[in-house]
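Below, each chain spelled out in residue letters.
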Amino acid sequence: MAFSMAWAETGKGAGDDRDEARARLAWLRRELYWCLGRRRDALFELADAVLCRQDRVHMVAELCLEPECRRGHGAVYDALNSGEVRVARLRRALSVMPLPRWEDGRIRLAADVSNWLRPDAATSPERLFCHCYARGKGNAQMIPGWPYSFVVALEPGRTSWTLPLDAVRLGPADDATEVTAAQIRDVVTRIIAAGHWEPGDPDIIIVFDAGYDLTRLAWLLRDLPVEVAGRLRSDRVMHFPAPPLPARPASTGGRRPRHGHKLAFDDPQTWPDPAVTTRTDTTRYGTAEAMAWARLHQRLAHRDAWQDHEGELPAVEGTLIRLRVGHLPGDRDPDPVWLWSSRAGATEEDVNRTWQAFLRRFDLEHTFRFLKQVLGWTRPKLRDPAAADRWTWLVIACYAQLWLSRSLAADVRLPWQRPCPPGRLTPARVRRGYRNLRQTLPVPASAPKPGKPGPGRPPGSKNRRPATRHDVGKTVKRDQPSKKTRRQKGLNNKLRGRADR
């Protein structure tokens with residue numbers, strides 16, 4: 001609540017929206033400075049250099065050449081390796097920011113994983129095999145790296161903007177579903193504490209892509225005012241509720257069935273008449289046709305994520321939607337998409353809201369591309385995963401400042417670019433004009449103290465303490481040690497041999 005009051009005070013006395021936006025941006029910059037601990041001046045100037053650089057960030061060392069960074073490249077790397085970012089306070093500061101709301105007043109969030117690939121970093125611990133798409137349809141690669149789970153707030157309409165609210169690095173011993181559920185719980189709790197959601201408001205929609213266990217997430221988040229929605233594979237099978245048993249004599253035994261009619265996604269013969277059918281004309285995808293069936297659930301078993309569940313396994317019911325659009329960019333005959341929502345009721349409004357929120361989930365891909373290709377999120381060659389976490393949160397803070405600067409930055413376009421209408425500036429356009437905007441904002445970082453570089457390692461001396469090599473993959477503790485698979489052994493041996501060369 002203290003953060004909400006401080007945020008509200010920034011808008012008092014503002015003459016117009018620009019003054020209020022400028023006050024909010026100034027508040028966030030001061031709050032970011034106090035979210036930094038050790039090496040806070042160097043970290044803050046590093047963030048300003050990322051924002052004010054007119055080109056893409058290719059390496060951390062070149063940021064010290066920007067006038068906004070008054071430290072050398074040694075101080076910059078020392079700040080990332082030995083600095084401190086108070087993540088809890090920074091998370092609360094991001095949650096206090098005005099979240100985008102849709103026409104129905106709902107808040108829509110999206111969660112997805114983006115990988116920081118480090119295939120040649122044999123001395124970096126806690127790397128996992130990250131699933132990456134290769135060139136060609138149906139091709140995939142498993143490359144070592146650090147996967148990060150992001151949660152962002154989506155905006156209505158076609159846009160390349162999202163508001164990142166949280167990021168968590170997945171470790172070798174982490175269960176992705178449980179980590180994601182805990183992350184969503186923390187984000188929703190902070191949103192409620194900031195006053196963005198009150199009792200009586202509509203539920204918050206959280207959208208996931210394929211690869212998540214939607215049933216498990218809906219079960220773990222059942223006590224929160226959220227609606228879980230996401231995409232399912234096209235080879236899944238779901239069940240309707242079991243029909244009521246006819247009246248039978250008391251002497252007749254037997255157990256009541258828990259699952260009803262089976263609906264196989266790839267078998268149209270098992271599809272009953274849909275409860276709701278909607279058709280919507282869109283400007284980008286043509287005619288969108290959605291068929292929905294209410295109260296479908298997945299058949300669970302006591303294995304994998306449910307092996308430690310006590311008692312009878314639940315039947316988590318929801319709405320199943322089959323979405324088919326007329327065309328996609330570059331694909332004139334797209335395959336249908338299967339969606340599932342934890343809301344058991346199926347009305348036309350609910351069905352349209354679910355698939356429209358899912359289509360807006362792809363705005364997160366623009367954010368990932370901007371973080372990696374422009375702000376240089378995955379560019380630094382850092383060894384310690386803790387340093388990678390500091391750099392990740394620093395980049396998120398930079399993006400949040402750009403998000404608040406949309407109504408303040410001027411359209412500094414290149415000669416061959418078209419003018420951008422007001423309110424439609426892209427993140428790259430806003431960043432291009434941030435250097436002029438920074439001159440009117442507070443800079444709490446102090447000037448560096450005079451000094452000289454240390455002696456370093458004597459010329460010609462060898463490193464007699466080589467860094468430890470770490471294997472890649474899961475390290476979950478089991479009752480009985482299991483042997484590594486042939487694929488995992490081959491990948492580890494290949495990476496180890498490459499590091500030795």
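Fair warning: this is a prediction, and the values are worked out from it, not measured in the lab.

Novice: Explain the overall build of the protein chain to me, and be specific about the residues and the numbers.
Specialist: A tally of regular secondary structure across the protein chain gives 13 helices and twelve strands. Here the protein chain holds 501 residues, and the buried ones make up 47% of them. Expressed as a percentage of contacts within the protein chain between residues at least 6 apart in sequence, the contacts between residues at least 24 apart total 67%. By element, 49% of the accessible surface of the protein chain is carried by carbon and sulfur atoms, the whole surface being about 26,500 Å².

Novice: I'd like a rundown of the pairing of strand 4 (residues 163-169), residues and numbers included.
Specialist: Burial analysis of strand 4 places six of its seven residues in the buried class, the great majority of the element. Bridging between strand 3 (residues 140-153) and strand 4 involves six bridges; their strand directions are antiparallel. Counted as the bridge partner of serine 149 is valine 168 from strand 4.

Novice: Tell me about unusual backbone geometry, and please be specific about residues and values.
Specialist: Although it is not a glycine, arginine 39 sits at a positive phi angle of roughly 60°. Checked against the element boundaries, arginine 39 lands in the loop between helix 2 (17-34) and helix 3 (40-52). The class for arginine 39 is partly exposed, based on a relative accessible area of 38%. Positive phi, close to 60°, is recorded for glutamate 126, a residue that is not glycine. Within the element layout of this structure, glutamate 126 appears in the loop between strand 1 (108-117) and strand 2 (128-133). On the basis of relative accessible area, glutamate 126 is assigned to the partly exposed category, the value being 35%.

Novice: An account of the environment of isoleucine 107 is needed here, citing residue identities and associated values.
Specialist: In this structure, isoleucine 107 sits in the loop between helix 5 (87-96) and strand 1. Sequence separation between isoleucine 107 and leucine 154 is 47 residues, and the spatial gap between their C-alpha atoms is 7.8 Å.

Novice: Explain the packing of helix 4 (residues 73-82) against helix 10 (residues 385-404) residue by residue, including any values.
Specialist: Between two packed helices, the angle of one axis relative to the other and the distance separating the axes together describe the packing. Across the interface, helix 4 lies against helix 10 with an axial gap of 7 Å and an inter-helix angle of 105°. The orientation of helix 4 with respect to helix 10, classified from their angle, is roughly perpendicular. Facing Leu80, Asn81 and Ser82 of helix 4, the residues of helix 10 in contact are Ala387, Arg390 and Trp391. For the contact of helix 4 with helix 10, the per-class residue count stands at three nonpolar, two polar and one charged.

Novice: So, the packing of aromatic side chains: which residues are in play, and what are the values?
Specialist: Evaluated as defined, the whole model comprises 15 aromatic pairs. Taking 5.6 Å as the distance between ring centres and 75° as the angle between the ring planes, the aromatic pair formed by tyrosine 148 and tryptophan 377 counts as edge-to-face. Linking tyrosine 148 in strand 3 with tryptophan 377 in the loop between helix 9 (363-373) and helix 10, this pair joins segments that are 229 residues apart in sequence. Of the two residues, tyrosine 148 and tryptophan 377, both sit in the buried class.

Novice: Go over the side chain of serine 341, please, and point to the residues and values.
Specialist: Along the polypeptide, serine 341 turns up in strand 12 (residues 337-341). Classification of serine 341 as buried rests on a relative accessible area of 1%. Within the structure, the side chain of serine 341 is placed 2.6 Å from the side chain of glutamate 227, a separation counted as a polar contact.

Novice: Just give me the short version of the pattern of salt bridges, but keep the residues and values in it.
Specialist: Side chains carrying opposite charge are able to pair once their charged atoms draw close together. Taken as a whole, this structure holds 37 salt bridges when the rule is applied. Between glutamate 20 and arginine 24 there is a salt bridge, and its shortest N-O distance comes to 2.8 Å. A residue pair is termed a helical-turn pair when its members lie 3 or 4 positions apart in one helix, as glutamate 20 and arginine 24 do in helix 2 at four residues. Glutamate 20 sits in the partly exposed class, given a relative accessible area of 24%.

Novice: Give a detailed account of the pairing of strand 9 (residues 276-282), specifying residues and quantitative values.
Specialist: One ladder, built from seven bridges, connects strand 9 with strand 10 (residues 286-296); its direction is antiparallel. The partner of threonine 278 across the bridge, within strand 10, is alanine 290.

Novice: Account for the packing of helix 9 against helix 10, naming residues and giving values.
Specialist: One can describe the packing of helix 9 onto helix 10 by two numbers: an axis separation of 11 Å at closest approach and a directional angle of 115°. The two elements helix 9 and helix 10 meet at a crossing, and its hand is right-handed. Together, Thr367, Phe370 and Leu371 of helix 9 and Val395, Tyr399 and Leu402 of helix 10 make up the contact between the two elements. Grouping the amino acids of the contact of helix 9 with helix 10 by side-chain chemistry returns five nonpolar, one polar and no charged.

Novice: Report on the confidence of the model for the protein chain, specifying residues and quantitative values.
Specialist: In the predicted model, the protein chain carries a mean pLDDT of 86, and the fraction of residues at 70 or more is 88%. Overall, residues 1-15 carries pLDDT values under 50, and its contacts beyond four positions in sequence, including any with other chains, amount to 23 contacts. Long-range and interchain partners of residues 478-482, a stretch whose pLDDT sits below 50, account for zero contacts in this model, where long-range means more than four residues apart.

Novice: Before we move on, can you summarise helix 9 with the specific residues and values?
Specialist: Listing the buried residues of helix 9 in full gives Asp363, Leu364, Thr367, Phe368, Phe370 and Leu371. Projection of helix 9 onto a plane perpendicular to its axis shows the buried side chains occupying an angular sector of 165°, all on one side. Next to the buried residues of helix 9 lie strand 1, strand 3, strand 4, helix 8 (348-360), helix 10 and helix 11 (427-432).

Novice: Residues and numbers for the nonpolar core, please.
Specialist: Leu109, Phe208, Leu320 and Trp391 are the most contacted members of the largest nonpolar core, which totals 107 residues. At 14 residues, the largest contribution of residues to this core is made by helix 10. Setting aside chain neighbours within four positions, we find tryptophan 391 in contact with Leu46, Val50, Leu63, Leu80, Trp116, Leu375, Gly376, Trp377, Pro380 and Leu382. In this structure, Ile205, Val207, Ala346 and Leu359 belong to the second largest nonpolar core, which totals 18 residues.

Novice: I'd love a proper account of the side chain of arginine 390, names of residues and values included.
Specialist: Inspection of the secondary structure puts arginine 390 in helix 10. Excluding its chain neighbours within four sequence positions, the residues that come into contact with arginine 390 are Leu80, Asn81, Ser82, Gly83, Glu84 and Val85.

Novice: Go over the state of the cysteines, please, and point to the residues and values.
Specialist: Under the counting rule described, the total for this entry stands at zero disulfides. The thiol of cysteine 69 is not disulfide-bonded; the next cysteine sulfur, from cysteine 64, is found 6.2 Å away. The class of cysteine 69 is buried, set by a relative accessible area of 5%. Cysteine cysteine 132 shares no disulfide, and the gap to the nearest cysteine sulfur, in cysteine 130, comes to 5.9 Å. Residue class for cysteine 132 comes out buried when judged on its relative accessible area of 14%.

Procedures and definitions
Residues numbered from 1 in each chain as written. Predicted model: local features only at pLDDT ≥ 70, side-chain atom pairs only at ≥ 80, totals over all residues. Heavy atoms only, no water. Helix = DSSP H or I, 4+ residues; strand = E, 2+ residues; numbered from the N terminus. Buried < 20%, exposed > 50% of the residue type's maximum accessible area, 1.4 Å probe, protein only. Contact = heavy atoms within 4.5 Å. Areas by Shrake-Rupley, 256 points an atom, 1.4 Å probe, with all protein chains shown as cover. Pairing = 2+ DSSP bridges. Axes fitted to C-alpha atoms, helices over the stretch in contact; angles between N-to-C directions. Parallel < 35°, antiparallel > 145°, perpendicular 65-115°, else oblique. Nonpolar A, V, L, I, M, F, W, Y, C, P; charged D, E, K, R; others polar. Phe/Tyr/Trp six-rings, centres within 6.5 Å; stacked < 30°, edge-to-face > 60°. Polar contact = N/O pair within 3.5 Å; in protein donor to acceptor, adjacent residues only side chain to side chain. Salt bridge = Lys/Arg side-chain N within 4 Å of Asp/Glu carboxyl O. Left-handed = near helix turned anticlockwise from the far one by under 90°. pLDDT = per-residue confidence, 0-100. Arc of directions from axis to C-beta. Core = buried A, V, L, I, M, F, W, Y, C linked by side-chain atoms within 4.5 Å. Disulfide = S-S within 2.5 Å.

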